[in-house]
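Listed below, chain by chain, are the residues.
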Amino acid sequence: MKQHIFLALICILFFSCITTSQKKGDSDSGPSLVEVKEVEGNYDFYVNGNKFEVKGVGINYVDGHDFEALHKAGGNAFRTWRVNNAEQELAAAKKYNFMVAIGISIGKELYGFDYNDTEAVAKQFEKVKNIIKKYKNHPNVLCWVVGNELNLLFNEDGTLKPVNPKVYDAMADIVDFIHQEDPNHPVTLTFAGVIDEHLKEALERCPKIDIVSVQVYGDLENVEERIKNTGIKKPYMITEFGPMGFWEMPKTAWNREIEEVSGPKADGILNRIHKGLINNNSGKCLGGFAFEWGQKQERTPTWYGMFHKDGSQTETIDNLTKLWTEKYPENRAPRVDSLLLDGKKAVHNVYLKPNQKYTAEVFASEPDNDSLVYKWVVSKEVIKRSQGGEKEIEPPIVSVEVLSDQDGKFTFLAPKEGEYRILVYVYDNKGKAGGGNVPFMVKR
């Protein structure tokens, strides 16, 4: 009898150890326990009982996924938008000790998903259930990011339009399921901007989300005040922030967006990080994810990506490295302060005449005194502009007659009539780059 009691006690202790190990998130035995807790008026992530300060970026795998570079820069987290490459992403997270805010792709009215279609909504719900069940026990999961900017919908004149309230009814079902199925990880929805009526409607219909996530660019510097004015009591994250959005920048007279050159762009991002994140005194901000750790075409090939297409790193990565590690990397990116075409900046509306001689000039410097290499490209403008960050086709490069190319000056003959953009890439030949571009119109 005593032997049976002794064996029973051993079994209880054994299974107790397993449960404890799972709660602690041992990489071989179960999920990490992630909580959002308020301590002395400040909300923070806690992973297995330890406070976790997000040093994060957005990674869309197909746009680039240099996980080693993120590790070297001092990052500790990334967010995604879908689970297409979740196995590779989570494997990298385990290797480099990143936490992952796993994005779950959800149908958007902006792209034609109909929330009055109960069959489609039910099918989507089942897909989400399978995703949660598949990945919930991975130790590097930080939280679930359900959908992306579901509030984004436009009228024909380009103004924002309210989405079908059933969008948030469907999200409420998903959130309830996640809480039931996976008590170890919080859940968030993301919103384009801080729009009071959008947030209130969503929270009325989907009140159980753990975190409110907003995606802001130029408005990052105002995010603390904007969230405060909504009266929302929940903690919040900035799941996308970065350069000024193309909708926030000046346009040419022919309606083409003007991108900042890389130096002022990096300065602006850094200033907004300080105002909206580092100096955020609300106690409710859980941090954010810089957009994006890769390269993508969106109005230009360089607008949002922190890398160039060839893998070169920009000044923004240097700044993030300094913030996260308290020191710059050994090799820093070239700095581009301005770019002129025919002596004019982009905001001055550059008109050229076909087959006439013009000069572009870039003003660049190198923090490490490395030699600079310049690459000039003339391309057509985007034909079909994407909405909401979806795939956009990069316009073709145009062959022009080059008359001179040296020391940051590029003289060429203007192409035939049309809308174009001249781009310059400035390299140090050590893996770093800066650049800029100017849209121009050719007409007689």
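Residues numbered from 1 in each chain as written. Predicted model: local features only at pLDDT ≥ 70, side-chain atom pairs only at ≥ 80, totals over all residues. Heavy atoms only, no water.

### So, the overall build of the protein
In terms of regular secondary structure, the protein is built from nine helices and 19 strands. Taken over C-alpha atoms, the radius of gyration comes to 25 Å for the protein, in line with the 22 Å a tight globule of 444 residues would show. C-alpha extents for the protein along the principal axes are approximately 100 × 50 × 35 Å. Per-residue burial for the protein yields a buried fraction of 55% across its 444 residues. (Helix = DSSP H or I, 4+ residues; strand = E, 2+ residues; numbered from the N terminus. Rg over C-alpha atoms; globule rule 2.2 N^0.38 Å. Buried < 20%, exposed > 50% of the residue type's maximum accessible area, 1.4 Å probe, protein only.)

### Side note on the confidence of the model for the protein
Residue-level pLDDT values for the protein average 93, and 93% of them are 70 or greater. Between residues 1-27, whose pLDDT stays under 50, and residues either more than four places distant or in other chains, the model counts 18 contacts. (pLDDT = per-residue confidence, 0-100. Contact = heavy atoms within 4.5 Å.)

### Some thoughts on the sheet that holds strand β10 (residues 236-241)
The parallel closed barrel is built from eight strands, whose spatial order is β4-β5-β6-β7-β8-β9-β10-β11. The sheet shows a mean angle of 25 degrees between the axes of neighbouring strands, direction not considered. Both strand β9 (residues 211-215) and β10 contribute to a ladder of four bridges, which runs parallel. Of the residues in β10, the one forming a bridge with Val214 is Ile238. (Pairing = 2+ DSSP bridges. Axes fitted to C-alpha atoms, helices over the stretch in contact; angles between N-to-C directions.)

### Let's talk about the pattern of salt bridges
On inspection of all chains with the given rule, the structure shows 26 salt bridges. Of the charged contacts, one joins Arg299 and Glu257 as a salt bridge, the two residues approaching to 3.2 Å between their closest N and O atoms. Note that Arg299 is positioned in the loop between β11 (285-290) and α9 (315-325) and Glu257 in the loop between β10 and α8 (262-278), a separation of 42 residues in sequence. For the pair shown, Arg299 and Glu257 are each scored as buried. Linked by salt bridges that have partners in common, Glu257, Arg299, Arg385 and Glu392 make up one network. (Salt bridge = Lys/Arg side-chain N within 4 Å of Asp/Glu carboxyl O.)

### Here's the deal with empty space enclosed by the protein
One pass over the full model with this rule turns up two cavities of 30 Å³ or more. Approximately 190 Å³ is the volume attributed to the largest cavity. Every residue lining the largest cavity is counted, 25 residues in all, and those nearest its centre are Lys265, Thr302, Gly305, Thr314 and Thr316. Sorting the residues of the lining of the largest cavity by element identifies α8, α9 and β19 (433-442) as the ones contributing at least two each. Looking at side-chain class alone, the lining of the largest cavity contains eleven nonpolar, ten polar and four charged residues. Quantified by volume, the second largest cavity comes out at close to 30 Å³. Every residue along the wall of the second largest cavity is listed here: Thr80, Arg82, Val83, Ala86, Glu89, Leu90, Val100 and Ile102. (1 Å grid on protein atoms, 1.4 Å probe; cavity = no way out; pocket = protein on both sides within 12 Å on 5 of 7 lines; lining within 4 Å. Points joined across faces, edges and corners; volume = space filled by probe spheres on them. Nonpolar A, V, L, I, M, F, W, Y, C, P; charged D, E, K, R; others polar.)

### Topic: the side chain of Asp428
With respect to the element layout, Asp428 can be found in the loop between β18 (418-427) and β19. One buried charged residue, Asp428, remains without a salt bridge, the closest side chain of opposite sign being Lys432 at 6.4 Å. At a separation of 2.9 Å, a polar atom in the side chain of Asp428 contacts the side chain of Asn331. When residues no more than four places from it in sequence are discounted, the contact partners of Asp428 are Asn331, Arg332, Pro334, Glu366, Asp370 and Ser371. (Lys, Arg positive; Asp, Glu negative; His and termini not counted. Polar contact = N/O pair within 3.5 Å; in protein donor to acceptor, adjacent residues only side chain to side chain.)

### Brief notes about the environment of Tyr217
Relative to the elements of secondary structure, Tyr217 occurs in the loop between β9 and α7 (223-230). What makes Tyr217 buried here is its relative accessible area of 4%. Apart from the residues within four sequence positions on either side, Tyr217 is in contact with Glu240, Phe241, Gly242, Pro243, Met244, Gly245, Trp247, Glu248, Arg272, Phe291 and Tyr304.

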